[in-house]
Amino acid sequence: MLTDRKNNTADEKEIINVIDEFDYSTQSDEYNGEFRNWRKKLSNPYTYNYSKNVKEQTFVDGQGFVSTSPQDSEKEVIYRVFQILGNVLLIYLFIEIVFEKAAIAVLDCLGLNIHNSYINNSIYGGQTEVLIILTVMTLFKYALPIFILHSKIKIPNNVRFPMDKSRKNEFFNAFSAAMIVSVISSISRAYSNQSKEIYDYFSSFSKNFQLKGDYELIVYVIFDVVVVSILNEILFRGDIFHALRQFGDLFAVVTTALISTLITHDFSYMFGSFLIAMVSGIFVLRSGNFFMAIMVRIIHKLYLFGLILIESSSNEYMFLTKGFYMSVIFAFGVIIFLVKASVKPNELVTKKNLHTYISTAEKVKTGFHSMSMAGTVFICVIAALWEIVL
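If you're wondering where the values come from, they're calculated on a predicted model, not measured in any experiment.

1. Describing the overall build of the protein
And then number 1: Within the protein, the secondary structure is distributed over 15 helices and seven strands.
And then number 2: The buried share of the protein, reckoned over its 390 residues, is 50%.
And then number 3: Taking all contacts inside the protein whose residues are at least 6 apart in sequence as the whole, residues at least 24 apart take part in 75%.
And then number 4: A total accessible area of about 19400 Å² is found for the protein, and carbon and sulfur atoms account for 64% of it.

Here you go:
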């Protein structure tokens, strides 16, 4: 490869290096060091590491001297990142929509007490059998995409799961934000149809929910609130979140929130899912600690579980109880927020790295132009519409 130097002396303004131009002020030195090193790996197709002296041109056989651009490089990497993300989400949807039902059908044929309902897209049968298939399939549909993403993108663990302990005050901010957003998102409808059906199913075998009685319900609640929350955050605030940070912090927060919302393929839950995912992404950046995202998700799920228990009650004061529950949670969240805000004003970390070499519209267009991501969106929309029809 030959280069044509128009001028042998180039000052700093004539050098483009997207890694050096990135604002690293929001994260720890440990995170930034490993994030920079990861981006410098030219062999990794998912790293945006364009650098060039603007006075140089590259010689390409058959084309002569040509100029490369950071815009074209950014688009190429965005396309690749969205392509691999779309691929793993298609696997996620295949396991959830097709493989799970096929596995249940096989187990049904083998004589186990577990069955599919193709009319309302639900599972029924013995409580233990339902619990096992739900937990196994949920683990499978998260674990396989997470494994593939990490094996391809290869984000270092200290970047993938940052654990900065210097900003402990963000714990209270995240706690209050999770409560406030949970209540706001539940004013109309807070939980997905599937979640309520599953909780109702496990609790339907006894009129009153008792901690010592409904073993399957207790196990499922713990699994759903804790394990699924962790897996969800690893999938959407792990490798893919930090890979997308290359193109802007706000872009990473909004994009992962949008995609994690679409994957629910449930219009009734999308508003709440988007808000809580936004809070998770923001507090990963604000705190520099992955645990904050998990905490936000767990608080949200616990709130929803409480709401489901109240709405499933036949008590004549159910609506008053629900209103009181929501008011207390909201007030508690607001009080914590106001106390913390009066001590130290909140910094908007999403203002960092807002602009790269292409516009946000171009980033979105490039990313969703990939076949796998377009297919993911199409399937999610069709599945959500199917839920409405049912």
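After that view, the rundown keeps rolling.
2. Quick word on a nonpolar patch on the surface
And then number 1: Judged by side-chain polarity, F94, I97, V98, F99, F140, F267, F378, I379, V381, I382, L385 and I388 come together as a nonpolar surface patch covering roughly 1000 Å² of accessible area.
And then number 2: Summarising the element assignment, F99 is placed in helix α3 (residues 70–109).

3. Thoughts on the pattern of salt bridges
And then number 1: Going through the model one piece at a time under the given rule, you end up with 12 salt bridges.
And then number 2: Here R80 and E76 are joined by a salt bridge, their closest N and O atoms 3.6 Å apart. Placement of the pair is R80 and E76 together in helix α3, with a separation of four residues, close to one helical turn.
And then number 3: Among the residues examined, E76 registers a relative accessible area of 44% and is labelled partly exposed.
And then number 4: As a salt-bridge pair, E233 and R297 come within 2.9 Å of each other at their nearest N and O atoms. Note that E233 is positioned in helix α8 (residues 215–237) and R297 in helix α12 (residues 290–311), a separation of 64 residues in sequence. Each member of the pair, E233 together with R297, is buried.
And then number 5: Through salt bridges with shared partners, a single ionic network connects E233, R237 and R297.

4. Some thoughts on the nonpolar core
And then number 1: Counting 56 residues, the largest nonpolar core has L85, L89, L149, I153, L244 and F247 as its most contacted members.
And then number 2: The element best represented in this core is α3, accounting for 10 residues.
And then number 3: L244 has contacts with V81, F82, F251, A252, T255 and T256, leaving out every residue within four places of it along the chain.
And then number 4: A177, M179, V183 and L307 belong to the second largest nonpolar core, which has 23 residues in total.

5. Here we look at the environment of R80
And then number 1: Relative accessible area serves as the criterion here: at 32%, R80 is assigned to the partly exposed category.
And then number 2: Spatially, the C-alpha atom of R80 lies 7.3 Å from that of P45, the residues being 35 residues apart in sequence.
And then number 3: Once you skip the residues sitting within four places of it in the chain, R80 turns out to touch P45 and Y46.
And then number 4: Among the polar contacts made by the side chain of R80, one reaches the main-chain carbonyl oxygen of P45 at a distance of 2.9 Å.

6. Some remarks on the side chain of N232
And then number 1: Residue placement: N232 occurs in helix α8.
And then number 2: We classify N232 as buried; its relative accessible area is 10%.
And then number 3: Once you skip the residues sitting within four places of it in the chain, N232 turns out to touch Y142, R237 and R297.

7. Digging into the packing of aromatic side chains
And then number 1: Using the criterion set out here, one finds 14 aromatic pairs in the structure.
And then number 2: The ring of F35 has R245 sitting right over it, with the charged end atom 5.5 Å from the ring centre.
And then number 3: Over the aromatic face of F251 sits the side chain of K363, whose NZ or CZ is 5.4 Å from the ring centroid.

8. Remarks on the side chain of N44
And then number 1: Following the sequence through the fold, N44 ends up in the loop between α2 (29–39) and β3 (51–53).
And then number 2: Polar contacts involving the side chain of N44 include one to the main-chain amide nitrogen of Y46, which spans 2.9 Å.
And then number 3: Setting aside residues no more than four positions away along its own chain, N44 makes contact with W38, K152, I153 and K154.

Conventions and cut-offs
- Residues numbered from 1 in each chain as written.
- Predicted model: local features only at pLDDT ≥ 70, side-chain atom pairs only at ≥ 80, totals over all residues.
- Heavy atoms only, no water.
- Helix = DSSP H or I, 4+ residues; strand = E, 2+ residues; numbered from the N terminus.
- Buried < 20%, exposed > 50% of the residue type's maximum accessible area, 1.4 Å probe, protein only.
- Contact = heavy atoms within 4.5 Å.
- Areas by Shrake-Rupley, 256 points an atom, 1.4 Å probe, with all protein chains shown as cover.
- Patch = residues over 30% accessible without salt bridge, like charges linked within 9 Å, V, L, I, M, F, W, Y side chains within 5 Å.
- Salt bridge = Lys/Arg side-chain N within 4 Å of Asp/Glu carboxyl O.
- Core = buried A, V, L, I, M, F, W, Y, C linked by side-chain atoms within 4.5 Å.
- Polar contact = N/O pair within 3.5 Å; in protein donor to acceptor, adjacent residues only side chain to side chain.
- Phe/Tyr/Trp six-rings, centres within 6.5 Å; stacked < 30°, edge-to-face > 60°.
- Lys NZ or Arg CZ within 6 Å of the ring centre and 35° of its normal.

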